[in-house]
Amino acid sequence: MAVLAAILFSGNVAAAGSWQPLQNDDLHDPASPAIGLLQQPAEALSKLPPDTTGNLVRWVEALEKGHIEPRSNIFPETKINLLDKDILMNLKGGTPIVRFPHRAHTLWLDCANCHDHLFKAQTGGNKLSMMQILQGEQCGVCHGAVAFPLTECNRCHSVPRPGIAKPSATPR
Ligand code: HEC
Ligand code: HEC
Ligand code: HEC
């Protein structure tokens, strides 16, 4: 539970590189008796694979390596859908290609969290734009709020573009 709460609030924490005690995080009521019962982020999160940004945890690594095992369903009949399919985006732009991994998302999320209200389930079927992402739409609905922040350009723009990456060998 502490871990899930920390994911939900990852946008609010730790720009300065350390975890805020719950009583100072502007989210919890410092006068509440529950404050003394909840595990502090510094205690809960310092044991997980470290990150330099967001709430200072590499969440996908924490999950893939078994550091955490969040419960995926409340009702046993709920079907868990995993999809291991990467989509490459921004094939024509100037920045490195964007690799969208379905697997890393469907480990946490249901298809219906994105399809179809955020993205049509069709490669190239959506008009994506960095401006809209920065305004908190599309990928920005989560990234910068509950997932790693948008300042981590190279985590999305992760595939080098051959030819552009190499500077010209001949000086002009
Ligand atoms: C959460 C993922 C994500 C992050 C983080 C991210 N981008 Fe993007 N970016 C995208 C997507 C998706 C597109 C649209 C791709 C398309 O048009 O198909 C895009 C498009 C762009 C484009 C326009 C296309 C181009 O290559 O000219 C630029 C410029 C850009 N991003 C720069 C940045 C910079 C700079 C950062 C860091 C400050 C950044 N992006 C961080 C996902 C991301
Ligand atoms: C975090 C958001 C997100 C989640 C969760 C998600 N998808 Fe997607 N999906 C996308 C994006 C983004 C695209 C690419 C859209 C584009 O290229 O315009 C995509 C594309 C697709 C496509 C098209 C692939 C193709 O070959 O054309 C299918 C099919 C799809 N998703 C199915 C699923 C299924 C099934 C699940 C659940 C197991 C799922 N998606 C979960 C965001 C998501
Ligand atoms: C519905 C919420 C949601 C949306 C929308 C979303 N993401 Fe994510 N994304 C997550 C979560 C949650 C994680 C895992 C936590 C983290 O890494 O911060 C994640 C992780 C990632 C990772 C890291 C994978 C790894 O192996 O570490 C990449 C890359 C990524 N997202 C790209 C994108 C791109 C590109 C888009 C838009 C096309 C997008 N995401 C849209 C929630 C979302």
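An account of the accompanying structure is given in this report. (Residues numbered from 1 in each chain as written. Chains lettered and ligands numbered in written order. Predicted model: local features only at pLDDT ≥ 70, side-chain atom pairs only at ≥ 80, totals over all residues. Heavy atoms only, no water.)

To continue, consider the site of ligand 2. Around ligand 2, a shell composed of 21 residues is seen, among which His102, Cys111, Cys114, His115 and Gly124 lie nearest. At 2.8 Å, a side-chain N or O of His102 approaches a nitrogen atom of ligand 2. In the model, an oxygen atom of ligand 2 is placed 2.7 Å from a nitrogen or oxygen of the Gly124 main chain. The biggest single contributor to the shell around ligand 2 is helix H4 (residues 102-106), with three residues. (Near = heavy atom within 4 Å. Polar contact = N/O pair within 3.5 Å; in protein donor to acceptor, adjacent residues only side chain to side chain. Helix = DSSP H or I, 4+ residues; strand = E, 2+ residues; numbered from the N terminus.)

Here we take up the side chain of Asn55. As for its placement among the helices and strands, Asn55 is situated in the loop between helix H2 (41-45) and helix H3 (59-64). When its relative accessible area of 3% is taken as the criterion, Asn55 is described as buried. Here Trp59 takes part through its side chain, which lies 2.8 Å from a polar atom of the side chain of Asn55. (Buried < 20%, exposed > 50% of the residue type's maximum accessible area, 1.4 Å probe, protein only.)

Protein-derived coordination of the iron atom of ligand 3 comes from His105 (NE2) and His143 (NE2), at a distance range of 1.9 to 2.0 Å. Here the iron atom of ligand 3 is ringed by six donor atoms whose angles at the metal span 87 to 179 degrees, and the overall shape comes out octahedral. Placement of His105 in helix H4 and of His143 in the loop between helix H5 (130-134) and helix H6 (153-156) is noted, with a sequence separation of 38 residues between them. (Donors = N, O, S within 2.8 Å, 3.2 Å for Na, K, Ca; no water. Tetrahedral: all angles 85-135°; square planar, octahedral: opposite > 155°, others 65-115°.)

It is worth spelling out the coordination of the iron atom of ligand 2 at this point. Summarising the metal site, the iron atom of ligand 2 is bound by the protein donors His102 (NE2) and His115 (NE2), whose distances to it range over 2.0 Å. Given six donor atoms and angles of 87 to 179 degrees at the metal, the environment of the iron atom of ligand 2 is assigned as octahedral. Here His102, found in helix H4, pairs with His115, found in the loop between H4 and H5; they are 13 residues apart in sequence, far enough to count as distant. Given the relative accessible area of 12%, His102 is considered buried.

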